[in-house]
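# Observations on the three-dimensional arrangement
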Amino acid sequence: MSSVQRQLSQLLGAWRWKRRAEYSLYSATGIHCRSFCSPPSGPEEAIEIHKRKLFLWFSHLPQEEKQFGGYFSPETMHVDPLILERNAEERAGLLTSPLQTQTPSSSHVTVEQLFETTDAWSEGRGLNVLLYGAVGTGKSTVVRKLVLDWCAGTTLTHFKLLVPFSCEDLGQLSKAVSLRDLVGRKYLHLKKHPLLSGEGNQARDVLFLFNGMEKMKLDFRIGATELCSDPNEVLPPGVVVVNLLRKYLLPEASVLVTTRLSALDRIPQKYVTRYAQICGFNDPDRQRAYFTSRLMQQTGETTHNNEAHGLIELLYLNLQRESQLAAACFLPSYCWLTCATLHFLHFTDAKAPIRTLTGIYTSFLRLNFGGEVLGTGTNVANQGQHNSLMLYVVRTVGKLAFDGVTNKRTSFSEEELEQWIGGKTKTDEELRQLAMFRTDVLDFFLAPCVESFKHLPEDPSKVDQRRYVFAVPAMQEYLAALYVVLGENKSALEKMTKQVSVAIGQASEDVSAIFHILSKFIPLRIFAVFNLLKLFPKLYEKISIKNQGRIARTMTAEMFRTEDRYNEDVLDQVEQSLLGVHGPEPQQISEAQPFELYPIFMGGLLHYGNRVLLQQLGCSIQSTTVAQITHALRKYLVRELSQPKTPEELMDLLLLLYEFQNPRLTAEVLASIRSIRLTNVRMSSLKCFVLSSVLSCTPASYRLEELDLSCCLLTQHMLPMLWPAFRHTFKLNLQFNSLGPESCILLRDLLLDPESCIRSLQLCDNTLLESGASTLLEAFPENQSLTHLSLMHTGLGDRGAQELAERLQQHKGLQELNVAYNNIGDRTAMTLVDACREHPSIHTVHLYLNPLTDVGKQSLYVRGDPKSHTGRRVKVLASVTEGSDLCEDWHPILSVIQKNISSWDRQRVKEQLKVFLRDLEWGRQQQQSFWKRLHFRRVEKGVRQTLRMLEKDTIPPSSGKSSTRR
């Protein structure tokens, strides 16, 4: 019994602590109350409880915000969009796009200023403010910030009570209800509040907020909605809202209504005191403030903040150039998409939840179109999937995007827009839907082409030939991919065949039962023709499988197009579309553009998480479709990978597999790959994470022959993300990166890992220094897999080489050691060669490009020879000559120098090449054989050619294609 009492005492103490914590939380925000759930003892306390609940409710961030790592709050990330007050005459001409309308007479206002008294204001009457804007301009964000500021007491303080409503919720109510019951149903603590009683002029302290009025059907005709002044009278919700706006019901109360452009005229002008239009971010400074509030609030790490600051500067430069991105970022929604994409590209964390580029775009559409339907005052549940706004977008704008991707075009004329969007509209209902779509949604996806304005034709008659592009280039590829995956590119016959097949399949069992009964009385041969119908669903299934195979074949073909073979990888292309290309602009505007994101989006849309989000948008992708495409895709990818691929193509393939998020498919495709060479691919934290995530899908026994990450700009901060990938390779090439001594800690742990089986480790041209090498050598006693180690040009020096010589005997499996170009002198080099000669397995040691004397070189060759007939010979590569003879390995030495000369100290290499040339000339003079002298001259020619290239500063890139790095 005592244990039960002890538990009850602990629970009571925890509850009391929780109440104290809650009280301190709300005291800190200026909101004081006794308890969250205690009943209000008076009107003032009811309002305090109301503020606290509203604050908690509106502070909740949507799921899409959590991908930023949870570092944001509505207060820190909000930037006020431009709000312009419009008069009744101006608003009549604003039904196209707020971004294309800049009226000098309009004044910039805040929401609080809209509720200041004006000449049109009547004593005893509240204000009706209509706040409108296009999709993505920030209406919901302004409302959320307004409510939070009112709760904190920083705005609209002359209103004692703010009562927000979602018109989408009100539109779903089918039951009649009074105003007070409507408020009490939503906010129980306000059910009997005196401010809503209608007595006296108490309602002047009340502000009603109706968000999304386009989702309700309001009828202001007297014959359709009765007049009502009693807040206790039971009426349909729409009638209650109409009477509030008419000022029959609580005339002293003020009302704020938000709506879209297409619903602007649903409230008669005489019932609106003020019109205000949200125009988004009209200048680069607002956009920059938004980007700063998003990107600078990382984990607080200096490295991340410095990188974020650099990104913001590049973004700002791109916006100031009046780029296409600047036009898109007039809409705060596209600023959100830009920040989400950059956060994905640069701040991917292995500990954070898995995010994909396709998922970001799907979440973006869900934020803006979740639950939206084409219609008035109805919802998805009532209208059905066929009226989903997102599905309408796919069938119109997606069809346009697909045509552009198919014909390799990114801009479209007004005639083409008319052809693809609503060109076959017939009925009145379809015309109404089209008008609403063009007013509210079309400008969200398409914008006038900035380049077409910069290159206007000289003939004035052709000025009206305006071109339109997608606001963000990747959106065209996303919508085209969605159009294909949803099967909207099928012919009318294929769609009709599907419907007939489903109908026959559903009725087949009933028809079979009837045929079975009738066959007892009538010969069965009469019904033989009907039995053929049972074969129709099977026939359609075969046709469907063939169609899904065509989708998989398209994905593979678009992934590995010959003309796109040497393009930057897709992630770099996405980054360049946001940050711009900083350099000379092309002289001619070319329509040709690669659409390499298109197949990657197609794969990403098949992922289960994206299909769930699309289902919420009214776009359903069947599991059978996914299975059929996946089966065909595996076959085509394996077949395509039998051909050699460029590093950029391999990176795109890894991204496709990552976006797909299908471990089984990934493992089957990678089973056909024995090496991954990503030379010259500019690696980032995201690309490292993609590589490791994909290789983690393979079995534990899977091994790559080689993982080549040379010239990839790797840093020590990226190596932890690559750890899973490193464990799946025999040969690891990390040459020509930016790895420092600290990187050797992870590499040491990698060599000590029992699941690691690295045989070859190449670290050339990384500043490891003596301390890094010392850390790496700590793995020698326990590691038995390493056979080849390259520490060329890593800053070892004599002390690092001396320690290497002392520790060589601790590792019995090493076969080849490269310590060239490490400023090693004669004495240390001789000690190292002696240690290699005594080693049981080392057969080659590289020592060229070190400051060795002629005597030292000769001594090294002598020491490499065995002392007895039973001893081993160690091949010492110190120069292109061995005394008066050519070194048999002169070609590998010169090849290494020529390959790496662009990243080495030019003067040092010149001096070494001149030493080689002097040795060659002396050796040639000692030769009696004509053929040997000819051979010497051939090697001399190669050295002189390299010297001339150095002097003219025309050294070719070390390997791979040349590319400009930011």
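Residues numbered from 1 in each chain as written. Predicted model: local features only at pLDDT ≥ 70, side-chain atom pairs only at ≥ 80, totals over all residues. Heavy atoms only, no water.

For the chain, the name recorded in an unreviewed UniProt entry is NACHT domain-containing protein, with Pagothenia borchgrevinki as its organism.

## Examining the overall build of the chain
Our working definition: Every helix listed is a DSSP run of H or I at least four residues long, and every strand listed is a run of E at least two residues long, numbered separately from the N terminus. For every residue, the accessible area (1.4 Å probe, protein chains only) is compared with the maximum for its type, and the residue is labelled buried under 20%, exposed over 50%, or partly exposed between those bounds. Surface accessibility in these figures is a Shrake-Rupley result with a 1.4 Å probe; residues are shielded only by whichever protein chains are displayed.
On a plain count of helices and strands, the chain comes out with 39 helices and 20 strands. Looking at the 966 residues of the chain, the share that counts as buried comes to 53%. Just so you have it, the chain exposes about 44500 Å², and 53% of that area is on carbon and sulfur atoms.

## Focus on a nonpolar patch on the surface
Counted only if it meets this: By definition, no residue in a patch forms a salt bridge, and every one has over 30% relative accessible area; like charges are joined within 9 Å, nonpolar side chains (Val, Leu, Ile, Met, Phe, Trp, Tyr) within 5 Å. Whenever Lys or Arg places a side-chain nitrogen within 4 Å of a carboxyl oxygen from Asp or Glu, that contact is recorded as a salt bridge.
Taken together, Ile 222, Leu 227 and Tyr 248 make up a surface patch of nonpolar side chains, about 280 Å² in accessible area. Mapped onto the secondary structure, Leu 227 falls in the loop between β5 (206-211) and α8 (237-246).

## Details of the sheet that holds strand β6 (residues 254-259)
Stated precisely, the cut-off is as follows: Criterion used throughout: strands pair if DSSP finds at least two bridges between them.
An order of β2-β1-β7-β3-β6-β5-β4 is seen for the seven strands of this open sheet, with the pairing classed as mixed. Where the open sheet ends on each side, the last strands, each with one partner, are β2 (107-108) and β4 (161-166). Relative to β6, strand β3 (residues 128-132) runs parallel, the two being bridged by five bridges. When the bridges of β6 are listed, Tyr 132 appears paired with Thr 259.

## Focus on the packing of helix α34 (residues 797-807) against helix α35 (residues 826-838)
Applicable threshold: Each axis is a line fitted through C-alpha atoms, taken for helices only over the stretch in contact, and angles between the N-to-C directions span 0 to 180 degrees. An angle below 35 degrees is read as roughly parallel, one above 145 as roughly antiparallel, one from 65 to 115 as roughly perpendicular, and any other as oblique. A crossing counts as left-handed when the near helix is turned anticlockwise from the far one by less than a right angle, and as right-handed when that turn is clockwise. Only heavy atoms enter the contact rule, under which two residues are in contact if any of them lie within 4.5 Å. When residues are grouped by polarity, Ala, Val, Leu, Ile, Met, Phe, Trp, Tyr, Cys and Pro land in nonpolar, Asp, Glu, Lys and Arg in charged, and all others, Gly among them, in polar.
α35 packs onto α34 with a crossing angle of 20 degrees between their chain directions and a minimal axis gap of 9 Å. With respect to their mutual orientation, α34 and α35 come out roughly parallel. The handedness of the crossing between α34 and α35 is left-handed. On α35, the residues that touch Asp 798, Ala 801, Gln 802, Leu 804 and Ala 805 of α34 are Thr 828, Thr 831, Leu 832 and Ala 835. Of the residues contributing to the contact of α34 with α35, the split by class is five nonpolar, three polar and one charged.

## Describing empty space enclosed by the protein
We count it as follows: Points on a 1 Å grid, built from protein atoms alone, make a cavity when a 1.4 Å probe fits but cannot get out and make a pocket when they are open with protein on both sides within 12 Å along at least 5 of 7 lines; residues with an atom within 4 Å of a point are the lining residues. Grid points are joined across faces, edges and corners, and a volume is the space filled by probe spheres set on the points.
Applying the stated criterion to the full structure yields eight cavities of 30 Å³ or more. Taken together, Leu 345, His 346, Leu 571, Asp 572, Glu 575, Arg 682, Ser 684, Leu 686 and Lys 687 make up the full set of residues lining the second largest cavity. The set of elements that each furnish at least two residues to the lining of the second largest cavity consists of α12 (332-346), α24 (570-579) and α30 (685-695). It is α24 that contributes the most residues to the lining of the second largest cavity, three residues altogether. Residue composition of the lining of the second largest cavity, by class: three nonpolar, two polar and four charged.

## Here's the deal with the sheet that holds strand β10 (residues 467-470)
One open sheet accounts for three strands, arranged β8-β10-β9; its pairing is antiparallel. Two strands close off the open sheet at either side, each with one partner strand: β8 (411-413) and β9 (446-448). Each adjacent strand pair in this sheet contributes to an overall mean axis angle of 40 degrees, direction not counted. Pairing between β8 and β10: three bridges, direction antiparallel. Paired with Ser 413 across the two strands is Arg 467, which belongs to β10.

## Quick look at the nonpolar core
Let me state the cut-off plainly: Nine residue types can take part in a nonpolar core, namely buried Ala, Val, Leu, Ile, Met, Phe, Trp, Tyr and Cys, and a core is a set of them joined through side-chain atoms within 4.5 Å.
Counting 177 residues, the largest nonpolar core has Phe 445, Met 475, Leu 709 and Leu 847 as the members making the most contacts within it. Of all hydrophobic cores here, the second largest spans 71 residues; its members include Phe 115, Leu 170, Val 257 and Tyr 275.

## Some thoughts on α30
An α-helical turn contains 3.6 residues, so any two residues separated by three or four positions project in the same direction. The element α30 is largely enclosed, with a buried count of eleven among its eleven residues. Those residues of α30 not exposed but buried are Ser 685, Leu 686, Lys 687, Cys 688, Phe 689, Val 690, Leu 691, Ser 692, Ser 693, Val 694 and Leu 695.

## Here's the deal with unusual backbone geometry
Despite not being glycine, Gln 661 shows a phi value in the positive range, around 55 degrees. You can see Gln 661 is positioned in the loop between α28 (647-660) and α29 (663-670). Relative accessible area serves as the criterion here: at 28%, Gln 661 is assigned to the partly exposed category. The phi dihedral of His 793 is positive, around 55 degrees, even though this residue is not glycine. One can find His 793 in the loop between β15 (788-790) and α34.

## Details of the side chain of Asp 149
In this structure, Asp 149 sits in helix α5 (residues 139-152). Judged by relative accessible area, which is 19%, Asp 149 ranks as buried. Residues within four places of Asp 149 in sequence aside, it is in contact with Thr 154 and Thr 155.

## Quick word on the pairing of β10
As paired elements, β9 and β10 share three bridges and run antiparallel to each other. Residue pairing for β10: Pro 448 is matched across the bridge by Tyr 468.

## Some remarks on α24
Worth spelling out the cut-off: Counting of polar contacts relies on pairs of N or O atoms within 3.5 Å, with two restrictions inside protein: one atom must be capable of donating a hydrogen and the other of accepting it, and residues adjacent in sequence are counted only when both atoms are side-chain atoms.
Among the ten residues in α24, seven count as buried, and that is most of the element. If you check which residues of α24 are buried, you get Val 570, Leu 571, Asp 572, Val 574, Glu 575, Leu 578 and Leu 579. By the N-cap criterion, in which a side-chain oxygen at the helix start approaches the backbone nitrogen of a residue two or three places on, α24 is capped by Asp 569, the distance to Leu 571 being 3.2 Å. Residue Gly 580 follows α24 closely and has a positive phi angle near 85 degrees.

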